[in-house]
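Given next are the chains, with one letter for each unit.
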Amino acid sequence: MLRRLRQWFSPGPAAGTAPRDRPGAETTSSLDSPLAQAKLELGMQLRLQGITDSRVLRAMLDLVPREDFVAAAMLDRAYENVTLPIGMGQTISQPFVVALMTQLLEPGEGKRILEIGTGCGYQAAILSHLFGQVHSIERHKDLAETARQRLDRLGVGNVSVHLGDGFLGLSEQAPFDGIILTAAPREVPASLVNQLAEGGRLVMPLELESGEQYLMRFTNSKAGLFEERFTEVRFVPMLQGIPDKKRSQTTVIEHESLKIESPKVDSSL
Ligand code: SAH
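Throughout what follows, the structure given in this document is the object of discussion. (Residues numbered from 1 in each chain as written. Predicted model: local features only at pLDDT ≥ 70, side-chain atom pairs only at ≥ 80, totals over all residues. Heavy atoms only, no water.)

Comments concerning the overall build of the protein
Scanning the protein for helices and strands turns up seven helices and twelve strands. A total of 269 residues make up the protein; the buried ones form 51% of that total. Expressed as a percentage of contacts within the protein between residues at least 6 apart in sequence, the contacts between residues at least 24 apart total 59%. (Helix = DSSP H or I, 4+ residues; strand = E, 2+ residues; numbered from the N terminus. Buried < 20%, exposed > 50% of the residue type's maximum accessible area, 1.4 Å probe, protein only. Contact = heavy atoms within 4.5 Å.)

A word on the environment of Glu138
By secondary structure assignment, the location of Glu138 is in strand β4 (residues 131-138). The buried category is assigned to Glu138, whose relative accessible area is 6%. Residues Glu138 and Asp165, spaced 27 residues apart in sequence, show a C-alpha to C-alpha distance of 7.0 Å. The contacts of Glu138, once residues within four sequence positions are left out, are Gly117, Thr118, Gly119, Leu143, Ala144, His162, Leu163 and Gly164.

Section: the side chain of Glu207
Residue placement: Glu207 occurs in strand β7 (residues 196-207). Separated by 3.0 Å, the side chains of Glu207 and Gln213 make a polar contact. (Polar contact = N/O pair within 3.5 Å; in protein donor to acceptor, adjacent residues only side chain to side chain.)

Details of the nonpolar core
With 47 residues, the main nonpolar core has Met60, Phe69 and Tyr122 as its most contacted residues. Elements represented by at least two residues in this core include exactly α2 (34-48), α3 (54-63), β1 (84-87), α4 (95-104), α5 (122-128), β4, α6 (141-153) and β5 (159-163). The greatest single-element share of this core, amounting to seven residues, is contributed by α4. If we skip the residues at most four places from it in the chain, Phe69 touches Val64, Ile86, Ile92, Cys120, Gly121, Tyr122, Ala125, Arg150, Leu151 and Leu154. Grouped together as the second largest cluster of nonpolar side chains are 22 residues, Ile116, Ile137, Leu196 and Leu202 included. (Core = buried A, V, L, I, M, F, W, Y, C linked by side-chain atoms within 4.5 Å.)

A short note on the pairing of strand β8 (residues 213-221)
Extensive coverage of β8 is indicated by the burial of eight of its nine residues. The pairing of β7 with β8 spans seven bridges and is antiparallel. Within the sheet, the bridge partner assigned to Glu207 lies in β8 and is Gln213. Where β7 hands over to β8, the hairpin turn is made up of five residues, of which Gly211 adopts a positive phi near 95 degrees. For β8 and strand β9 (residues 224-233), the ladder comprises eight bridges, and the chain directions are antiparallel. Residue Arg217 lies in a different strand from β9, and its bridge partner there is Glu228. The hairpin turn running from β8 into β9, its antiparallel successor, is two residues long. (Pairing = 2+ DSSP bridges.)

Comments concerning the site of the ligand
Surrounding the ligand, one finds 27 residues, the nearest of these being Glu115, Gly117, Glu138, Gly166 and Leu239. Within the contact set of the ligand, a nitrogen atom lies 2.7 Å away from a backbone nitrogen or oxygen of Gly166. Against a free-state accessible area of 580 Å², the protein chains account for coverage of 99% of the ligand. Counting residues per element, the ones that place at least two in the shell around the ligand are β2 (90-92), β3 (108-116), α5 and β4. Top contributing element to the shell around the ligand by residue count: β2, with three residues. For the shell around the ligand, the per-class residue count stands at twelve nonpolar, eleven polar and four charged. (Near = heavy atom within 4 Å. Areas by Shrake-Rupley, 256 points an atom, 1.4 Å probe, with all protein chains shown as cover. Nonpolar A, V, L, I, M, F, W, Y, C, P; charged D, E, K, R; others polar.)

Regarding the packing of aromatic side chains
A full pass over the atoms with the stated rule returns one aromatic pair. Its guanidinium or amino end placed over the ring of Tyr122, Arg66 lies 5.2 Å from that ring's centre, counting from NZ or CZ. Arg229 extends its terminal NZ or CZ atom over the ring of Tyr214, reaching a point 4.1 Å from the ring centre. (Phe/Tyr/Trp six-rings, centres within 6.5 Å; stacked < 30°, edge-to-face > 60°. Lys NZ or Arg CZ within 6 Å of the ring centre and 35° of its normal.)

Remarks on the packing of α2 against α3
One way to put it is that α2 packs onto α3 with a least axis distance of 10 Å and a crossing angle of 160 degrees. Here α2 lies roughly antiparallel to α3, going by the angle between them. Handedness of the crossing formed by α2 with α3: right-handed. Contact residues: Lys39, Leu42, Gly43, Leu46 and Arg47 in α2; Leu57, Met60 and Leu61 in α3. The residue makeup of the contact of α2 with α3, split by class, is five nonpolar, one polar and two charged. (Axes fitted to C-alpha atoms, helices over the stretch in contact; angles between N-to-C directions. Parallel < 35°, antiparallel > 145°, perpendicular 65-115°, else oblique. Left-handed = near helix turned anticlockwise from the far one by under 90°.)

Okay, here's the thing in structure tokens:
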């Protein structure tokens, strides 16, 4: 029965996408193992929640071993559709949210992506299978180094992890076809909007004054910034500067005005 379900729910190779040969890319698991069963369940949930892109499902279920990104104590929960702690008060996002944000970026082999908030590197690993080049910025040195080592170990070759303040973006690598924020700011960072290519997508949680956060997508079009609002989410806050370990306080790095400069915003809020 499990085998039958597996056939129905395994997304299989994506139509029109060349398979990628990366060492260690395909995860191996016996169908009888609890992790394999949890994956199967997760696959069903993701589909029911509207994840329709087979390339995203394949990356989430077959290509990236989520168990390699969570703490040993959380191993048996790796494929639960929940947020899990990754240390330093930070979290690895819920699989549904990772999948939805990835789908909203509209995968494409030639596209270049900037991620803000590398964390444990899981979202970056998912992106690596669906986009051409990924740059990811993390403000915590320890998290950035651990993520870099983990991605190297998994043979992920097209992700560059940068230590820095994501509010500044990465102007030397701009423009990007997609920018994804995995920490929530209170305003749309203008510096990041300015680093979007024409037609580029900015997918991010936005915290409103009420404290609620919504997943948003902003598309950079000739006519201005087109705004769409999706589900309510809960992310850690996006903080300015990089933490100064010695003084255990935050060093604020100079950054551009965070007010949005684009004259036209189509609002669906
Ligand atoms: N994408 C991550 C989840 C990250 S949690 C994953 O898959 O695991 C959010 C991360 O954003 C945290 O690691 C936090 O340190 C980082 N962060 C918060 N503000 C930031 C900023 N201004 N620049 C870079 N990283 C930031």
